[in-house]
Every structure is written in structure tokens, then in C-alpha cells.
Amino acid sequence: MIDLDPTALGLEFGGGAIIGGLIGFAAKKIAKLLAVMVGVQLMLFRYLESQGIITVDWNRLSAGILHTQAQAQDTATSVVQSLISTLSLGAGFTGGFVIGFKRG
């Protein structure tokens, strides 16, 4: 028979939920910051291009951004898969991450 300690499972679930909430909240804040930084950079490039200071190859620039985004998504997927390897910690973490990401 399997010996399960409900207290330990509850602590793991609760700890995972708290950590997941904090990471989800931080992930959303970082994503917003990165979006603002990319937007400001693109506006700066557009302004400098309109003034004739620089010439921007927009096709190559956008292809680089899309390639970087695809790599980031692949990395995030592998991290999430490894975190959900244990059920009690993974379930709490996932729930907390979703709540933290939505609240952020």
C-alpha cells in the first residue's frame, strides 16, 4: 500500500501555487516591458529612417524578431514540461502561474 501524507502533499501544492503565482506575475511584467522596449526601438528606427540617417531593411528585421520569438517559445515549453514532472507541485505551480499571469 502507498503511504501518502496529506500534510506534505498540501504543503507541496500550496508552495507550488505560491511560487507559480509569483513567476506568472513576473513573467507577465517582463513580457510587457520587453514589448515596450521593442516598440520604442522600432519607433526610433522609423524616425531615424524618415530623417535619412539610417536605412533599415524591415524584412530582415522582422524575420529576426520572429525567429527569436520561436526560440523563446521552444525554451518556455521545455521548462514548463520539466516543472510539471511531479503532480502535487506541478498542479499547484500551474494554478498559481495562471492566476499570477492573469493578475499581472
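Residues numbered from 1 in each chain as written. Predicted model: local features only at pLDDT ≥ 70, side-chain atom pairs only at ≥ 80, totals over all residues. Heavy atoms only, no water.

Trainee: Before we move on, can you summarise the overall build of the protein with the specific residues and values?
Mentor: Summing up its helical and strand segments, the protein has three helices and zero strands in all. For the protein, the α and β elements follow one another from N to C terminus as α-α-α. The 104 residues of the protein split such that 12% are buried. Considering only intrachain contacts with a sequence separation of at least 6, the fraction spanning at least 24 residues in the protein is 71%. Looking at the protein as shown, the accessible area adds up to about 8,100 Å², and 70% of this sits on carbon and sulfur atoms. (Helix = DSSP H or I, 4+ residues; strand = E, 2+ residues; numbered from the N terminus. Buried < 20%, exposed > 50% of the residue type's maximum accessible area, 1.4 Å probe, protein only. Contact = heavy atoms within 4.5 Å. Areas by Shrake-Rupley, 256 points an atom, 1.4 Å probe, with all protein chains shown as cover.)

Trainee: Tell me what's going on with the layout of surface pockets, and back it up with residues and numbers.
Mentor: Estimated volume of the largest pocket: approximately 270 Å³. In terms of lining, the largest pocket is formed by A27, I30, A31, L34, A35, M37 and V38. (1 Å grid on protein atoms, 1.4 Å probe; cavity = no way out; pocket = protein on both sides within 12 Å on 5 of 7 lines; lining within 4 Å. Points joined across faces, edges and corners; volume = space filled by probe spheres on them.)

Trainee: Can you lay out the environment of G14 for me, pointing to particular residues and giving the numbers?
Mentor: Examined against the element boundaries, G14 turns out to sit in helix 1 (residues 6-50). A sequence separation of 81 residues divides G14 from G95, and the C-alpha atoms of the two residues are 10.0 Å apart.

Trainee: So what's going on with the UniProt feature "transmembrane region" (unreviewed entry) in the protein? Residues and values would help.
Mentor: Those residues carrying the UniProt feature "transmembrane region" (unreviewed entry) are residues 6-23 and 83-101 in this numbering. End-to-end, the C-alpha atoms of residues 6-23 are 25 Å apart, and along that stretch the chain is 100% helix and 0% strand. (UniProt positions renumbered as here; feature names shortened; annotations may be inferred.)

Trainee: Help me get a handle on the confidence of the model for the protein, residues and values and all.
Mentor: With 66% of its residues at a pLDDT of 70 or more, the protein has an overall mean of 74. In the model of the protein, helix 2 (residues 58-83) stands out as the element of lowest mean pLDDT, 61, in contrast to helix 1, which has the highest, 84. (pLDDT = per-residue confidence, 0-100.)

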